[in-house]
Amino acid sequence: QAFRLDWAGAGPRLGVTAPKPPTREALVAAWTRNTSGDAPSTYTDTKVASWAYGPLPAAGKIARREPLPDFTRIRFQNGVVLNLKKTSYEAGAIQIWIQFGAGRREIPNKVYFASHLAAGLFPYGGVGRHSFEELQALFGSAAPAFDMDVTDYSFIIRHTASTDDLIYRLRLLSVYLS
């Protein structure tokens, strides 16, 4: 009851930042404009697209395995290098770092700033056969939540996956890389 007394009759509280404050009437009109319109349509589930890229390709052939002091380096015949390091401070989490290309050295000066903006927006552009919204429906809201950076010597994609969803994250990252 105390809550109802404290909050009753106060009406909406609006914060406006503008060069000139609007009138009370203009605020009330804006606030109530949609109350006289048509009611929203009934909710229906949207159809979720099916994954258009098929299964992951077959595993690559290992050319060489190097046990090093802090990690194991695996070199594949196609030139891909995989560094594996096991730690005890993040149980169940798998940090994925993908380093490729020549980074800043590949980018003309006139588009350098735009490339940094594009790197931040990269996952939200979707992929060839799926929009960002379809990827969210297929993989959940965190699916394309990876970071891309442009460094002086390479491009880097970072992502944290769990042991439960690693295969899905790798599938999605492989499509983004292709």
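That block above? That's the structure.
Criteria and cut-off values
- Residues numbered from 1 in each chain as written.
- Predicted model: local features only at pLDDT ≥ 70, side-chain atom pairs only at ≥ 80, totals over all residues.
- Heavy atoms only, no water.
- Helix = DSSP H or I, 4+ residues; strand = E, 2+ residues; numbered from the N terminus.
- Rg over C-alpha atoms; globule rule 2.2 N^0.38 Å.
- Buried < 20%, exposed > 50% of the residue type's maximum accessible area, 1.4 Å probe, protein only.
- Contact = heavy atoms within 4.5 Å.
- Areas by Shrake-Rupley, 256 points an atom, 1.4 Å probe, with all protein chains shown as cover.
- Lys, Arg positive; Asp, Glu negative; His and termini not counted.
- Charge placed at Lys NZ, Arg CZ, Asp CG, Glu CD.
- Arc of directions from axis to C-beta.

Caption draft 1: Structural context of the overall build of the protein. For the protein, the helix and strand inventory stands at five helices and six strands. Across the protein, helices and strands are ordered from the amino to the carboxyl terminus as α-α-β-β-β-β-α-α-β-β-α. Over its C-alpha trace the protein gives a radius of gyration of 25 Å, far above what one expects of a compact globule, namely 16 Å for 178 residues. When its C-alpha atoms are laid out on the principal axes, the protein stretches across 75 × 40 × 40 Å. Scored against the burial criterion, the 178 residues of the protein give a buried share of 19%. Taking the intrachain contacts of the protein between residues at least 6 apart in sequence as the baseline, contacts between residues at least 24 apart amount to 60%. Of the roughly 14000 Å² of accessible surface on the protein, 55% is carried by carbon and sulfur atoms. Put simply, the protein has 20 plus and 15 minus side-chain charges, and the middle of one group is 5 Å from the middle of the other.

Caption draft 2: Inspection of the environment of F100 at higher detail. Of note, F100 is situated in strand β4 (residues 93-100). Residues F100 and I157, spaced 57 residues apart in sequence, show a C-alpha to C-alpha distance of 8.7 Å. With residues near it in sequence (within four places) discarded, F100 still touches M148, S154, F155, I157 and L177.

Caption draft 3: The arrangement of helix α4 (residues 132-139) in detail. Regarding α4, the residues found buried are F132, L135 and F139. Burial along α4 is one-sided: seen end-on, the buried residues are contained in an arc of 55 degrees. Elements in contact with the buried residues of α4: α5 (166-177).

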